[in-house]
Amino acid sequence: METFQETIQALTQKGRFSEAASFCRDLLLQEPQTINRVQVATTLAHLLAWEEDREAAEAVYRELLDSLAEGERAYRASTCNNLGELLRPSRPKEAIECFDQALALYSDLGKGNDQYRMHLGNTLMARGSTYEALQKFGFAKKDYKAALEVYNGQPGQQAQEMRALARYQLGGVYMEEFNAFDARVHYTRACERYKELLEANPGSGRESFLPMLAATWNNLALAERDAEQYERASECYREAIKSYGELSADRPEVFLPYLAQSYSGMGILLAEKFRHFEEALDYNQKALDIYEDLSAKQPEQYSHYRATAWHNAGVYWAELRNWQAAEQAFDHALEARRKLEEAAPGTFTADLGSTAMNLLELYRERLEDPELSGYRERAMELSTSLQGWLAALQGGPVIRNMKADLELLTSYFSNLDESGIAIRAARKEQQALMEEIDSTLEVAEKKGYQARILDIWRGVQQNYTAHPQAVEGLVLALSNMAWLETLSGNPELALSLLDEAAAFEVHPRAVLCNRAHCHLLIGQADKANTMYRELWNQTHPSGESYGAIINRDLWSLLRHGRITADQLPSSDSFRDPALQD
């Protein structure tokens, strides 16, 4: 049979598979005694499968099984196993039946025979993989664990390799079951085994075991992240990147996609769990550079990954509030995902919708920039397109939430005019200044920030005199400024601010509360108590009672030395008598 093997090898190396298959068929027509029919038939089936003639390959295996006697158990077992491997991609349930037959034979043959014990373990692995593809994870785990037990009892490097693979497969099944804790255990053991194999085989082992070690590091990083072990996850990603970097230097066409995947995973981890957006952008850019190159050569395979990298860049830039860079990145992602959706309608709609929603949120932010224009119109155009894209999708909670958010954003942009944009910008500036106010204990510093808030709202109200939100913003700014002047010992100035606020007849209780404090400071206690009594049982828009607010304000005035303890009225003096016992 050496001549047979040499002939087949020579033909296949030249790509002459059909000629090699014909050679096998000719041999099978000879007398059974002159050839190893099992070897020839198996080779023929492999050649037919290689040429995608799986139906003919299946026929060869079944004819071989029919020709084998019951006593030829080893041949029957290997043929059943090979037939299972052939059927596994398209007919997994029938493949499992073949593996069952092979396992029954190998279990008997393996009693006291290490060679068949290894075959038993390998067939358990094949059946476990088939169960995993069918998402029958309980059966898959049972087979992988049984295979691991078989391999643990076997000596030699081959057994060690299979122990590593069994651990790797178990880690994958546990991840499918969202059990990151058990997945970590098995991936960690797999890493240990592959490192041992690399050390024992410093030359040939690099090609054989470094790819599996890199893949295991990457998957262990995912498991550590899901188990909330973020520092450990980042260490694993770095190991994966190091390994894939070495491999891609020699075989970029094979390993660059995996290197990009690890770069991208590291970027997501840094952004989501560490909030290190600058570093996340660096890793994401490395992934994007690879995907740009790969998608130019193989657009059908890598354009989706390129679009995702652009989308992630947009998210990270937006977190850094670099709206211009974020918008450019989202525009790239939207264009790419739009093309993907056009090529395969319904396949990328959710991804397209996600990028569009991020752009709409960004447009809402950029509306407040007075130097920019046209964002409302762009938002309305994009929301109309997005409504069309999402209309055909039913989907689960993600799609439902996206549709609900889109409805809110569309309503927001539809009802927005120039005054609304100005008011939103004023509120944003006010929010930043309020944070400064809350950060200091010095009343003088608080007054400085509040004065800037008051100037903002005076400008907005002057431009949009009748707009209720502009008026409300000005009244609250006046009232808050009046309180700070009262706290500073300037009740007369505070009263003038409150007179200005009262003219608008908005938030009269807040104005009245501060007016009462002013009268208390200028010695008009009876007048102050009358106002306190009027407010005491009322509720502030925040939900807090005015009684609680009055008490807190009075103690603040006492603490700042604006009133004395003798001036501090008892709460009974301004409770509503009708509500007292």
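Residues numbered from 1 in each chain as written. Predicted model: local features only at pLDDT ≥ 70, side-chain atom pairs only at ≥ 80, totals over all residues. Heavy atoms only, no water.

Asks: Quick one: what's the story with the overall build of the chain, residue by residue and with numbers?
Replies: A count of helical and extended segments in the chain gives 26 helices and zero strands. Taking 25 Å as the expected radius of gyration for a compact globule of 581 residues, we find that the chain reaches 37 Å, considerably beyond that expectation. With the C-alpha coordinates aligned to their principal axes, the bounding extent of the chain is approximately 125 × 50 × 45 Å. Scored against the burial criterion, the 581 residues of the chain give a buried share of 46%. Taking contacts inside the chain between residues at least 6 apart in sequence as the whole, the part at least 24 apart equals 55%. Working note: accessible area of the chain is about 29800 Å², and carbon and sulfur atoms make up 48% of it. Charged side chains of the chain number 60 positive and 87 negative; the gap between the two group centres comes to 3 Å. (Helix = DSSP H or I, 4+ residues; strand = E, 2+ residues; numbered from the N terminus. Rg over C-alpha atoms; globule rule 2.2 N^0.38 Å. Buried < 20%, exposed > 50% of the residue type's maximum accessible area, 1.4 Å probe, protein only. Contact = heavy atoms within 4.5 Å. Areas by Shrake-Rupley, 256 points an atom, 1.4 Å probe, with all protein chains shown as cover. Lys, Arg positive; Asp, Glu negative; His and termini not counted. Charge placed at Lys NZ, Arg CZ, Asp CG, Glu CD.)

Asks: Please provide a residue-by-residue account of unusual backbone geometry, values included.
Replies: Backbone geometry places Glu-228, a non-glycine residue, at a positive phi of 65 degrees. For Glu-228, the location among the structural elements is in the loop between α11 (205-226) and α12 (230-250). Of note, Glu-505 is a non-glycine position whose phi angle comes to about 55 degrees, a positive value. Positionally, Glu-505 belongs in the loop between α23 (491-502) and α24 (508-521).

Asks: I'd like a rundown of the packing of helix α21 (residues 443-463) against helix α22 (residues 468-487), residues and numbers included.
Replies: Between α21 and α22, the least distance of the axes is 9 Å, while the angle of their chain directions is 155 degrees. Of the possible angle classes, the one that applies to α21 and α22 is roughly antiparallel. Seen along the crossing, α21 lies across α22 with a hand that is left-handed. Side by side, α21 and α22 meet where Val-443, Lys-446, Lys-447, Gln-450, Ala-451, Ile-453, Leu-454, Trp-457, Arg-458, Val-460 and Gln-461 of the first sit next to Gln-469, Ala-470, Val-471, Gly-473, Leu-474, Ala-477, Leu-478, Asn-480, Met-481, Leu-484, Glu-485 and Leu-487 of the second. Along the lines of polarity and charge, the residues of the contact of α21 with α22 split into 14 nonpolar, five polar and four charged. (Axes fitted to C-alpha atoms, helices over the stretch in contact; angles between N-to-C directions. Parallel < 35°, antiparallel > 145°, perpendicular 65-115°, else oblique. Left-handed = near helix turned anticlockwise from the far one by under 90°. Nonpolar A, V, L, I, M, F, W, Y, C, P; charged D, E, K, R; others polar.)

Asks: Can you explain the environment of Lys-339? Please cite residues and give values.
Replies: Inspection of the secondary structure puts Lys-339 in helix α16 (residues 323-343). The exposed category is assigned to Lys-339, whose relative accessible area is 52%. Once the C-alpha coordinates of Lys-339 and Glu-199 are considered, the two residues, 140 residues apart in sequence, prove to be 47 Å apart.

Asks: So what about α24? Which residues, and what values?
Replies: An α-helical segment advances 3.6 residues per turn. Residues three or four places apart therefore align on the same side. With 14 residues, α24 ought to run about 20 Å at 1.5 Å a step, and its terminal C-alpha atoms sit 20 Å apart, in line with that. α24 sits mainly inside the fold: twelve of its 14 residues count as buried. Listing the buried residues of α24 in full gives Ala-510, Val-511, Leu-512, Cys-513, Asn-514, Arg-515, Ala-516, His-517, Cys-518, His-519, Leu-520 and Leu-521. Its buried side turned inward, α24 meets α22, α23, α25 (525-535) and α26 (546-559). (Expected span 1.5 Å × (residues − 1).)

Asks: Run through the packing of aromatic side chains, naming residues and quoting values.
Replies: Taken as a whole and judged by the stated rule, the model has eleven aromatic pairs. When the ring of Phe-4 is compared with that of Phe-23, the centres are 6.0 Å apart and the planes differ by 15 degrees; the resulting orientation is stacked. Of this pair, Phe-4 sits in helix α1 (residues 2-13) while Phe-23 sits in helix α2 (residues 17-28); the two residues are 19 residues apart in sequence, bridging distant segments of the chain. Overall, the relative accessible area of 26% leaves Phe-23 in the partly exposed class. Consider the rings of Tyr-263 and Tyr-283, whose centres lie 6.2 Å apart with planes at 45 degrees: the pair is tilted. (Phe/Tyr/Trp six-rings, centres within 6.5 Å; stacked < 30°, edge-to-face > 60°.)

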